[in-house]
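# Survey of secondary and tertiary structure
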Amino acid sequence: MNQQITLKDMVHRVLANHDSDILFKLLAGKISPLNVLKDHSIQSNFIKSIELEWDNLFDTSNNPYWSWSAVSDKEKESAFQMLLKKVEPLIAEEIYMVLKKHHSSCLSMYHWQLAFVKKTVDGLQVDGVSSSIAISKLQCRVNELHEAISDLEKVSMALLFFKMKEDNNEVLDDGQYEPIINEEKSNVDLGKYELLEWNWNSSISETDTEKLILNEGINDANETVANVNQLDNGKESAMRYLIFKRSKLAGGVVQDADGNQVDYLNESISRILNLQHNDEIQVRRIKEDGRNEYEVLKRRGEVNPDRIVIQYCIAHFNSINKKYIVEFQIIGGEKRYLKLADGTRIQFSFDSSDVPHLRMEDGCIVDLAYWKSRPETAKIIWNHHSSAQ
């Protein structure tokens, strides 16, 4: 039997036998839907299944040297690693189908519970008076409806991992570092938009940080683009030792060895290269449009202590005020109120006109950033739904 077909049948069988356990861990946020093999018990189940299917996977009838008894422990270990890598995308496909099926069940349960609540409300009063028994029944129905909504939200969040993966693949498959925008769908140039946020005549230093925060995003468009064009790309590209600084809320700047700013990388490029504060980079090549393409020399993995980032926040759109309201965050698969470092609950509000480049919609999942002790400077820096990024 073909090895791929055998692996696919094996994955289907293992997940069917442990469906409820895996689903519980997924919805509890204990494992990622895209990498369930990081859970040791689940990985152990697949290793046991590989042992049982060993003869079919390696066709030992034609090649007896691959029989279980003839293969050394080191060879078995290598074979397990190879097969687990092949199994991982097959598991993701099965997990997606399991989640889709569970989502349909949760949606049906939600509508069913909602109908019961409506029916209970309709029969709440008898002769114009509500009885304590009727109120008690309504409370029970509302609690059950709340549980149904929570289950539906959890499985929707789990499915979001596959949407994020799909969006990221669209960016990476293009093979370019600049933001990708479908011109037929949007006239917004994300690269130009983020260029407007940087004063190209300034150099970065610790004393300049406060000035950068205050002046962020207020430069004149024509003047900024003109300053960019005046840069000597050939001279800057020759500098091999460069440092990436997370001294912007969105994206970051590139400094030379003397601390002079020589480039700005927007949030899309920063994420594609997985750049962190103080990472060492170099110019990989100069593209046809004159811009530099970078590669990482050494990862420092540091964090700018003045830049606070909040990931996986839920942005709800208020159609009346034309604002996006952010007051919840997804942590471990659960929705929780946003809180500052001191535990104070906070709600952020953003004008829809401030984030056209992120192509947001009601309920999308975003990342925020603001300067330490200054939550009023908060800015939406990333939309996990948007394939435009």
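Residues numbered from 1 in each chain as written. Predicted model: local features only at pLDDT ≥ 70, side-chain atom pairs only at ≥ 80, totals over all residues. Heavy atoms only, no water.

Bringing the packing of helix α3 (residues 40–52) against helix α5 (residues 73–122) into the picture now. For the pair α3 and α5, interaxial distance at closest approach is 11 Å and the crossing angle is 115 degrees. It follows from the interaxial angle that α3 and α5 lie roughly perpendicular. Judged by the twist between their axes, the crossing of α3 over α5 is right-handed. Counted together, Gln43, Phe46, Ile47, Ile50 and Glu51 of α3 and Phe80, Leu83, Leu84, Val87 and Ile91 of α5 form the full contact between these two elements. Of the residues belonging to the contact of α3 with α5, the class tally is eight nonpolar, one polar and one charged. (Axes fitted to C-alpha atoms, helices over the stretch in contact; angles between N-to-C directions. Helix = DSSP H or I, 4+ residues; strand = E, 2+ residues; numbered from the N terminus. Parallel < 35°, antiparallel > 145°, perpendicular 65-115°, else oblique. Left-handed = near helix turned anticlockwise from the far one by under 90°. Contact = heavy atoms within 4.5 Å. Nonpolar A, V, L, I, M, F, W, Y, C, P; charged D, E, K, R; others polar.)

Taken as a whole, the chain shows an average pLDDT of 75; of its residues, 76% reach a score of 70 or greater. Highest mean pLDDT in the chain belongs to strand β3 (residues 242–245) (95); lowest belongs to helix α7 (residues 190–195) (34). (pLDDT = per-residue confidence, 0-100.)

What follows concerns the sheet that holds strand β6 (residues 279–286). Spatial strand order, β5-β4-β3-β6-β7: five strands in an open sheet with antiparallel pairing. Both edges of this open sheet fall to β5 (261–265) and β7 (292–298), since each of them pairs with a single strand only. Sheet twist, expressed as the mean angle between neighbouring strand axes with direction ignored, is 40 degrees. (Pairing = 2+ DSSP bridges.)

Looking now at the environment of Glu293. Relative to the helices and strands, Glu293 resides in strand β7. Note on Glu293: relative accessible area 4%, which makes it buried. Along the chain, Glu293 and Ile269 lie 24 residues apart, while their C-alpha atoms are 9.5 Å from each other. (Buried < 20%, exposed > 50% of the residue type's maximum accessible area, 1.4 Å probe, protein only.)

Turning to unusual backbone geometry, a few remarks are in order. Within the chain, Asn278 stands out as a residue other than glycine whose phi angle is a positive 75 degrees. Here Asn278 is to be found in the loop between α11 (267–272) and β6. The class of Asn278 is buried, set by a relative accessible area of 15%. Positive phi is not limited to glycine here, since Tyr312 has a value of about 55 degrees. With respect to the element layout, Tyr312 can be found in strand β8 (residues 307–318).

End to end, helix α1 (residues 3–17) covers 21 Å across 15 residues, agreeing with the expected 21 Å (1.5 Å per residue, within 8%). Three or more residues of α1 are buried, namely Gln3, Thr6, Leu7, Met10, Val11, Val14 and Leu15. All buried residues of α1 lie within an arc of 155 degrees about the axis, which places them on one face of the element. (Expected span 1.5 Å × (residues − 1). Arc of directions from axis to C-beta.)

Between two packed helices, both the angle of their axes relative to each other and the distance between the axes serve to describe the pair. Running from N to C, α1 and α5 cross one another at 55 degrees; their axes reach a closest spacing of 9 Å. Judged by the angle between their axes, α1 and α5 are oblique. In this structure, the crossing between α1 and α5 has a hand that is right-handed. Residue-level contacts link Gln3, Gln4, Leu7, Lys8, Met10, Val11, His12 and Leu15 of α1 to Leu83, Lys86, Val87, Leu90, Ile91, Glu93, Glu94 and Ile95 of α5. A breakdown of the residues in the contact of α1 with α5 according to their chemical character gives nine nonpolar, three polar and four charged.

As a further point, take the environment of Tyr370. In this fold, Tyr370 is placed in strand β12 (residues 364–371). When its relative accessible area of 6% is taken as the criterion, Tyr370 is described as buried. As for Tyr370 and Ile310, which are separated by 60 residues in sequence, their C-alpha atoms are 8.7 Å apart. Among all residues touching Tyr370, those that are not within four sequence positions of it are Leu249, Asp306, Arg307, Ile308, Ile310, Leu340, Phe348, Pro375, Thr377 and Ala378.

Turning next to the side chain of Asn278. One polar contact links Asn278 to Lys245, side chain to side chain, over a distance of 2.5 Å. In this structure the side chain of Asn278 is engaged in a polar contact, spanning 2.6 Å, whose partner is the side chain of Glu302. If sequence neighbours within four positions are ignored, Asn278 has contacts with Ile243, Phe244, Lys245, Arg300 and Glu302. (Polar contact = N/O pair within 3.5 Å; in protein donor to acceptor, adjacent residues only side chain to side chain.)

Given a rise of 1.5 Å per residue, 13 residues ought to cover 18 Å, and the 18 Å separating the end C-alpha atoms of α3 matches this to within 8%. Here α3 has its buried residues at Ile42, Phe46, Ser49 and Ile50. Buried residues of α3, seen end-on, are gathered within an arc of 105 degrees and therefore sit on one face of the element. In this structure, α3 carries His40, Lys48 and Leu52 as exposed residues pointing more than 90 degrees from its buried face.

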